[in-house]
Amino acid sequence: MLNYPGFQSATVAQRTDWTSELFSLRISGAKLDFKAGQFTKLALPDTSGQLISRAYSIVNAPMSTNDMLEFLVVANTDGQLTPNLQQLAIGDSIYVGERANGDLTGDIVPKCANDLWLLATGTGIGPFLSLLDDIHLRPRCENIVLVHAVRYQADLVYQYLIKQLVAFYEGRLQYVPIVSREESPYLQGRIPELLENEQLFEQAGVTMTPEQSFVMLCGNPEMIKSTLAPLQALGLEKYRAASGGNIVYERYW
Ligand SMILES: Cc1cc2nc3c(=O)[nH]c(=O)nc-3n(C[C@H](O)[C@H](O)[C@H](O)COP(=O)(O)OP(=O)(O)OC[C@H]3O[C@@H](n4cnc5c(N)ncnc54)[C@H](O)[C@@H]3O)c2cc1C
Ligand SMILES: NC(=O)c1ccc[n+]([C@@H]2O[C@H](COP(=O)([O-])OP(=O)(O)OC[C@H]3O[C@@H](n4cnc5c(N)ncnc54)[C@H](OP(=O)(O)O)[C@@H]3O)[C@@H](O)[C@H]2O)c1
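Values in this document were obtained by computation on a predicted structure and should not be read as measured data.

Enquirer: I keep staring at the site of ligand 2 and nothing clicks. Help me out?
Expert: By nearness alone, 18 residues border ligand 2, and Ala75, Arg151, Ser180, Arg181 and Asn220 come closest of all. Within the contact set of ligand 2, an oxygen atom lies 2.8 Å away from a backbone nitrogen or oxygen of Ala75. Between Ser180 and ligand 2, the recorded distance is 2.6 Å, taken from a side-chain N or O atom to an oxygen atom. The element contributing the most residues to the shell around ligand 2 is helix H6 (residues 221-233), with three residues. For the shell around ligand 2, the per-class residue count stands at seven nonpolar, six polar and five charged. Both domain 1 (7-97) and domain 2 (106-251) contribute no fewer than three residues apiece to the shell around ligand 2.

Written out as structure tokens, the structure reads:
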């Protein structure tokens, strides 16, 4: 493989196809220093040899025992990179960034936060799974609510891991799936409306207050934009390193 500055070569060790568009890649051989909840870049050269790179959240927590990195990706048929990522088979080469970034990390959650809300759409659940799975940083909050909003029930990925996490947290972790485009046993609708009509609070058995709550959002930028209004109406404020606050987010596009 050619050398590209800022990237290291690695190998696809495993893949999981959740739906025709949604898949996970487990990649080995990359050395990456990262905190649970962060993202790095994945890249492949195009036909002219130019490297096409995009940001992807790491789904697993850092592990001292091996160099595996897992990513959850939704294929965009018109996209430049994801159709090629979707074609990758076990043993294929891929480029991985040499650095990780991102603010959806455990150290940003104030020690005094009693309730931690993790609000995700689609692949935005990735960093929250990493965060919850980090044995060193497992959030100590009394209540943790993992909200995953997806179009279809089949998009509710990582059920086996979520079941393990719910059991591990012994009652402190509530998992609240939302399915927007078909009938299901779960909440139906969108995160902003389900906050405004308080159905999310009812479902989780937890409310939100500026004194007690810290909220992380990840995924669709329009969801993030329209969720800020109901959060701010409850008195919550965007987090700033200097002054604190209750809300951090990561937009995927
Ligand atoms: C910090 C960060 C972390 C990210 N983590 C992930 C991740 O873990 N998994 C992931 O699949 N993507 C993630 N993304 C998005 C990713 O970087 C790419 O933008 C995406 O994979 C599309 O790349 P592409 O080259 O195929 O499409 P492009 O040619 O770049 O087209 C991009 C278009 O695809 C749509 N789109 C982009 N990302 C998504 C998405 N996740 N879900 C639905 N529609 C989308 C938007 O309409 C966007 O305008 C992340 C983005 C950022 C900024
Ligand atoms: N080309 C594009 O512009 C574009 C844009 C988005 C997705 N896509 C493609 O669509 C496929 C699936 O994407 P996805 O389902 O993972 O992501 P998604 O479209 O972000 O949907 C995930 C969840 O977010 C909700 N949501 C969407 N917009 C919202 C908003 N403004 N406020 C609150 N909630 C909102 C959706 O509800 P609803 O069902 O009510 O929308 C759904 O429940 C992928 O192939 C992706 O590439 C393409």
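And the narrative resumes.
Enquirer: Would you mind showing me how to read the nonpolar core here?
Expert: Note that soluble globular proteins tend to have their nonpolar side chains buried in a common cluster. Membership of the largest hydrophobic core comes to 30 residues, with the highest contact counts inside it found for Leu118, Leu129, Leu146 and Met216. Ranked by residues supplied to this core, first place goes to helix H2 (residues 126-133) with four residues. When residues of this core are sorted by domain, at least three fall in each of domain 1 (7-97) and domain 2 (106-251). Each residue touching Met216, except ones within four places of it in the same chain, is listed here: Leu104, Thr105, Ile108, Val109, Trp117, Leu118, Leu119, Phe128, Leu131 and Val248. Counting 24 residues, the second largest nonpolar core, distinct from the first, contains Trp117, Val176, Leu194 and Leu200.

Enquirer: It is not clear to me how the packing of aromatic side chains should be interpreted in this structure. Could you clarify?
Expert: The relation between two aromatic rings is expressed through the spacing of the ring centres and the mutual angle of the planes. What the rule picks out here adds up to six aromatic pairs. Judged by centre distance (5.7 Å) and plane angle (75°), the ring pair of Trp117 and Phe201 falls under edge-to-face. Of this pair, Trp117 sits in strand S7 (residues 115-121) while Phe201 sits in helix H5 (residues 199-204), and the two are 84 residues apart along the sequence. Measuring from centroid to centroid gives 6.2 Å for Tyr158 and Tyr160, while their planes differ by 45°, and the two rings are tilted. Three or more aromatic residues joined by ring pairs form one cluster here, namely Trp18, Tyr158 and Tyr160.

The rules behind the values
- Residues numbered from 1 in each chain as written.
- Chains lettered and ligands numbered in written order.
- Predicted model: local features only at pLDDT ≥ 70, side-chain atom pairs only at ≥ 80, totals over all residues.
- Heavy atoms only, no water.
- Near = heavy atom within 4 Å.
- Polar contact = N/O pair within 3.5 Å; in protein donor to acceptor, adjacent residues only side chain to side chain.
- Helix = DSSP H or I, 4+ residues; strand = E, 2+ residues; numbered from the N terminus.
- Nonpolar A, V, L, I, M, F, W, Y, C, P; charged D, E, K, R; others polar.
- Domains from an automatic or database assignment.
- Core = buried A, V, L, I, M, F, W, Y, C linked by side-chain atoms within 4.5 Å.
- Buried < 20%, exposed > 50% of the residue type's maximum accessible area, 1.4 Å probe, protein only.
- Contact = heavy atoms within 4.5 Å.
- Phe/Tyr/Trp six-rings, centres within 6.5 Å; stacked < 30°, edge-to-face > 60°.

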